[in-house]
2 protein chains.
Amino acid sequence: MGAEQVTDLAWRALADRNRRAILRAIRAGPQPVGAIAEQVGLSQQTTSHHLGVLRKAGLATGHREGTRHLFAVDPDGLAAVRSYVDDFWPRKLSDLKTAVESRWEKADG
Amino acid sequence: MGAEQVTDLAWRALADRNRRAILRAIRAGPQPVGAIAEQVGLSQQTTSHHLGVLRKAGLATGHREGTRHLFAVDPDGLAAVRSYVDDFWPRKLSDLKTAVESRWEKADG
DNA sequence: GCATAACACAAGCAGGCATTTGTACTTATG
DNA sequence: CATAAGTACAAATGCCTGCTTGTGTTATGC
């Protein structure tokens, strides 16, 4: 078991466009659920549900302040996704690209 | 319309664990469908289906060679995902993290 | 032209997930 | 305790999607 199992929830969470919109909404700073719902154009219940998914995926953190619940981006979860993607470009992206294309030419020749 | 619509297919494609396994299987170099299916433990039809999804998402490229169909990673699609993720860490990851945590303390105080 | 290998396409089924609707919980106020 | 604001939880619904099964398509060998 590697980082695959760890980031599986994060990948599935990021697959939804509304959840990515939520992450962008709280990117600048923590915001309550109601404000987030208004920004992304979803109901309070749906937004709360998505925030729970993002929370369990390690992509968002919550903090209670009175009757409100402020949510913010959790950099740790996104760092895991980033390192996963980075694993596909050890050094230079162009190197891999040219390597692949040269294989196509080999196959053609 | 920004990069959100463009990368939506890529995000949904990467949400599936088997498709990520397929990407890792063809990471070193182009391979035929049968070999990929054997590596990831899926049927030929299912693997072909997933490769089609990855192809439409811009994450994999295919090339016919006789009766075989070689697939390889498409760096362009993954680059789009990478730039999306990078957008959450403009400079230093730790800066955002401490900024968020300091807001929590403000809220508590 | 026929058989075989490798792969893609299509229909059907089952599970997962996003959304809605309704409601309970927590906190502040009087 | 009663009320209002903000949010989370639960059931129901409809859609999307991954997998299976069956079949069509393309290329090689005889």
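What counts as what
- Residues numbered from 1 in each chain as written.
- Chains lettered and ligands numbered in written order.
- Predicted model: local features only at pLDDT ≥ 70, side-chain atom pairs only at ≥ 80, totals over all residues.
- Heavy atoms only, no water.
- Axes fitted to C-alpha atoms, helices over the stretch in contact; angles between N-to-C directions.
- Helix = DSSP H or I, 4+ residues; strand = E, 2+ residues; numbered from the N terminus.
- Parallel < 35°, antiparallel > 145°, perpendicular 65-115°, else oblique.
- Contact = heavy atoms within 4.5 Å.
- Nonpolar A, V, L, I, M, F, W, Y, C, P; charged D, E, K, R; others polar.
- Near = heavy atom within 4 Å.
- Pairing = 2+ DSSP bridges.
- Buried < 20%, exposed > 50% of the residue type's maximum accessible area, 1.4 Å probe, protein only.
- Lys, Arg positive; Asp, Glu negative; His and termini not counted.
- Salt bridge = Lys/Arg side-chain N within 4 Å of Asp/Glu carboxyl O.
- Polar contact = N/O pair within 3.5 Å; in protein donor to acceptor, adjacent residues only side chain to side chain.

Looking at an unreviewed UniProt entry, chain A carries the name HTH arsR-type domain-containing protein, with the source organism given as Sediminivirga luteola.

1. Some details on the packing of helix 3 (residues 33-40) of chain B against helix 4 (residues 44-56) of chain B
Residue and element names in this part refer to chain B. For the pair helix 3 and helix 4, interaxial distance at closest approach is 9 Å and the crossing angle is 105°. Taken as axis vectors, helix 3 and helix 4 run roughly perpendicular relative to one another. From helix 3, Val33, Ile36, Ala37 and Val40 reach across to helix 4, where they touch Gln44, Thr47, Ser48 and Leu51. When the residues that make up the contact of helix 3 with helix 4 are grouped by side-chain class, the tally is five nonpolar, three polar and no charged.

2. Topic: the environment of A:Gln39
All names here are of chain A. Tracing the sequence through the fold places glutamine 39 in helix 3 (residues 33-40). For the pair glutamine 39 and alanine 21, spaced 18 residues apart in the sequence, the C-alpha separation amounts to 8.8 Å. In contact with glutamine 39, other than residues within four places in its own chain, are Ala25 and Gln31.

3. As for the protein's contact with DNA strand C
Neighbouring DNA strand C are 21 residues, the closest being A:Asn18, A:Arg19, A:His50, B:Ser48 and B:His69. When the atoms of DNA strand C within 4 Å of the protein are grouped by moiety, sugar and phosphate amount to 69% of the total. Secondary-structure elements contributing two or more residues to the surface near DNA strand C are helix 2 (17-25) and helix 4 (44-56) of chain A together with helix 3, helix 4 and strand 3 (68-73) of chain B. A total of four residues in the surface near DNA strand C trace back to one element, the largest contributor, which is helix 4 of chain A. When grouped by side-chain class, the residues that make up the surface near DNA strand C number three nonpolar, 14 polar and four charged.

4. Let's talk about the sheet that holds strand 1 (residues 31-32) of chain A
Residues and elements named next belong to chain A. Spatial strand order, 1-3-2: three strands in an open sheet with antiparallel pairing. Since the sheet does not close on itself, it has two edges, and those belong to strand 1 and strand 2 (60-65), each with one partner. Sheet analysis places strand 1 next to strand 3 (residues 68-73), joined by two bridges and oriented antiparallel. Looking at the pairing, proline 32 lines up with leucine 70 of strand 3.

5. Here's the deal with the side chain of B:Arg19
Residues and elements named next belong to chain B. Summarising the element assignment, arginine 19 is placed in helix 2 (residues 17-25). No salt bridge is formed by the buried arginine 19; its nearest oppositely charged neighbour, aspartate 16, is found at 4.7 Å. A polar contact is formed between the side chain of arginine 19 and the backbone oxygen of arginine 12, at a distance of 3.3 Å. With sequence-adjacent residues up to four places away left out, arginine 19 is seen in contact with Arg12, Ala13, His50, Val53 and Leu54.

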